[in-house]
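Structural overview
Next come the chains, spelled out residue by residue.
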Amino acid sequence: MIRISSLAASVQPSATLAAGAKARQMKAAGIKVFDFSLGEPDFPTPAHICRAADAAMAAGHTHYTPVNGVPELKAAICRWYKRYHNFDCTPDMVIVSNGAKHSIHNALAATLNPGDEVVIPAPYWVSYSDLVQMTGARPVVVPTTAAAGFKMTPSQLKAVITPRTRLLMINSPNNPTGIVYTRNELEALADVMLGTEASILSDEIYEQLTYGNAKPTCVATLRPELRERTITISGASKSYAMTGWRMGWTIAPKPLIDAMGNVQSQETSCPSSVSQYALLAALDGPQDCVAEMRTEFRARRDLVCERLRKIPGITFPTPDGAFYVFFDVSAYFGKPIGGATVTDSLAFCKACLETAHVNLVPGSAFGAEGFVRMSYANSRAELEGGLAALAKWLGA
Ligand code: PLP
């Protein structure tokens, strides 16, 4: 029998992708499923971006590109950071990869050694802990509570820093909670990091999706002294509905970008050529498409929160970014629901999918038992139908 490496054997399949696969099987069998498991905008990629890809192919941009991305795209990314965050970065501080997940993987591969510690506030995006473990480093998970708005405090951060701490991974707006740290809150965390030798990896992929008074913060702009140890990750998947184009990027000091370029040159040679020209059009082109999607996401957020609040026992801090609600379902544990009795979030989601045909992701996948994540990147009709089915299943 073929042998599987201990590296591969230690990696869990992505819980969100696995939940989506089970729902797809049910749909293929003719069952109507309300699928709220995937973190993927349901909008088409804006037409002007697709046209730019057509034009790129017609112009012959269908070959390998420089490893870190084409110069005109790296320049556009720098312009974007100047425009939105007044962050002065130069093209030699930029590397474009095949999605932000790939950017994170390369950044971790280029900074971590076995035995290093990486601080990750929970709830965290499913892939963080597995990506860290693949390098041989150790995730140090810091639990946060719904009562504290799912935000890590400076004293919690200070308490877990050791001489082995290499990195803090922070993600605001956050997947799975939708919370957005204020600039002041991030400054307070940055000040703790100032007193250490560790770096910060800030995953800002949802930065264009904030609602109401919430504002995104580019962590690299907080403290000049930290700029040399801050890695900014972002991408096109969420803001421009470009999940399939696989475009992510990293802004970091040049020595790290060079190291990541070496890793990337051996892994994928370069990011997809056609997608790079599509991303260039997304960043340099009209931004009304982003504003329209943001307005619709906000309306859906309001709808989902209003319906969920009517279900007894379900509680959550109001999300003000990304497109998720992360709610507490532990009040239902140990009690019969629709003929089943569940005692954890995995069993809750399994029973919910099988009985109510509503697909949610267990909080345990995000390091927070007792909760489930609902994505509202779905039409209002689907959201209304699914929430009615959920409420009925829970006897509300
Ligand atoms: N970071 C966070 C917090 C995410 O939620 C996701 C996708 O779900 C990613 C990164 C990766 O996005 P992509 O690889 O599509 O650019």
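Within any chain, residue numbers begin from 1 and follow the written order of that chain's sequence. Only residues with pLDDT of 70 or above have their local features reported here, since the model is predicted, and side-chain atom pairs are shown and tallied only from 80 upward, although totals for entire chains, interfaces and linings are computed over all residues. Each side-chain value is derived from all of the structure's non-hydrogen atoms; neither hydrogens nor water enter the calculation.

1. Thoughts on the domain arrangement of the protein
- The domain architecture assigned to the protein consists of domain 1 (6-44 + 289-393) and domain 2 (47-284).
- Domain delimitation in this document rests on an assignment produced automatically or drawn from a domain database. Using C-alpha coordinates to define each centre, domain 1 is positioned 25 Å away from domain 2.
- Facing 36 residues of domain 1, the contacting portion of domain 2 comprises 33 residues.
- Two parts placed together each lose some accessible area under a 1.4 Å probe, and the buried area is that loss summed for both. Buried area between domain 1 and domain 2, both sides added, is near 2700 Å², and the carbon and sulfur share of it is 65%.
- For this document, the term salt bridge refers to a Lys or Arg side-chain nitrogen within 4 Å of an Asp or Glu carboxyl oxygen. Taken together, the connections running from domain 1 to domain 2 amount to zero salt bridges.
- Here a polar contact means two N or O atoms within 3.5 Å. Within protein one must be a hydrogen donor candidate and the other an acceptor candidate, and residues neighboring in sequence count only if both atoms are side-chain atoms. Here domain 1 is connected to domain 2 by twelve residue pairs in polar contact (both at pLDDT 80 or more).
- Only DSSP runs of H or I reaching four residues or more are called helices, and only runs of E reaching two or more are called strands; each is numbered from the N terminus. Secondary-structure elements contributing two or more residues to the side of domain 1 that touches domain 2 are helix 1 (6-10), helix 2 (15-28), helix 11 (288-309), strand 9 (324-328) and strand 14 (371-375).
- Top contributing element to the side of domain 1 that touches domain 2 by residue count: helix 11, with seven residues.
- Throughout, the ten residues Ala, Val, Leu, Ile, Met, Phe, Trp, Tyr, Cys and Pro are labelled nonpolar, Asp, Glu, Lys and Arg are labelled charged, and all others, Gly among them, are labelled polar. Across the side of domain 1 that touches domain 2, the residue classes break down as 23 nonpolar, seven polar and six charged. Residue contacts are counted whenever heavy atoms from the two residues lie within 4.5 Å of one another.

2. With respect to the side chain of Thr65
- Its place among the elements puts Thr65 in the loop between helix 3 (47-58) and helix 4 (71-85).
- The exposure class of Thr65 is buried, given its relative accessible area of 14%.
- A distance of 3.0 Å separates the side chain of Thr65 from the side chain of Gln276, its partner in a polar contact.
- Among all residues touching Thr65, those that are not within four sequence positions of it are Val70, Cys270, Pro271, Ser273 and Gln276. Each residue gets one of three labels from its accessible area relative to the maximum for its type: buried under 20%, exposed over 50%, partly exposed in between, using a 1.4 Å probe on protein chains only.

3. Regarding the environment of Thr341
- Mapping Thr341 onto the fold places it in strand 11 (residues 340-341).
- Linking Thr341 and Thr295, residues 46 residues apart in sequence, is a C-alpha distance of 39 Å.
- Ignoring sequence-local partners within four residues, the contact set of Thr341 consists of Gly334, Lys335 and Pro336.

4. What about the nonpolar core?
- Residues enter a nonpolar core if they are buried and are Ala, Val, Leu, Ile, Met, Phe, Trp, Tyr or Cys, with the set joined through side-chain atoms within 4.5 Å. Counting 127 residues, the largest nonpolar core has Leu308, Phe327, Phe348, Leu360 and Leu390 as the members making the most contacts within it.
- At eight residues, helix 11 tops the list of elements feeding residues into this core.
- Excluding residues that lie within four positions of it along the chain, Phe348 makes contacts with Val329, Tyr332, Phe333, Ile337, Val342, Leu360, Val372, Trp393 and Leu394.

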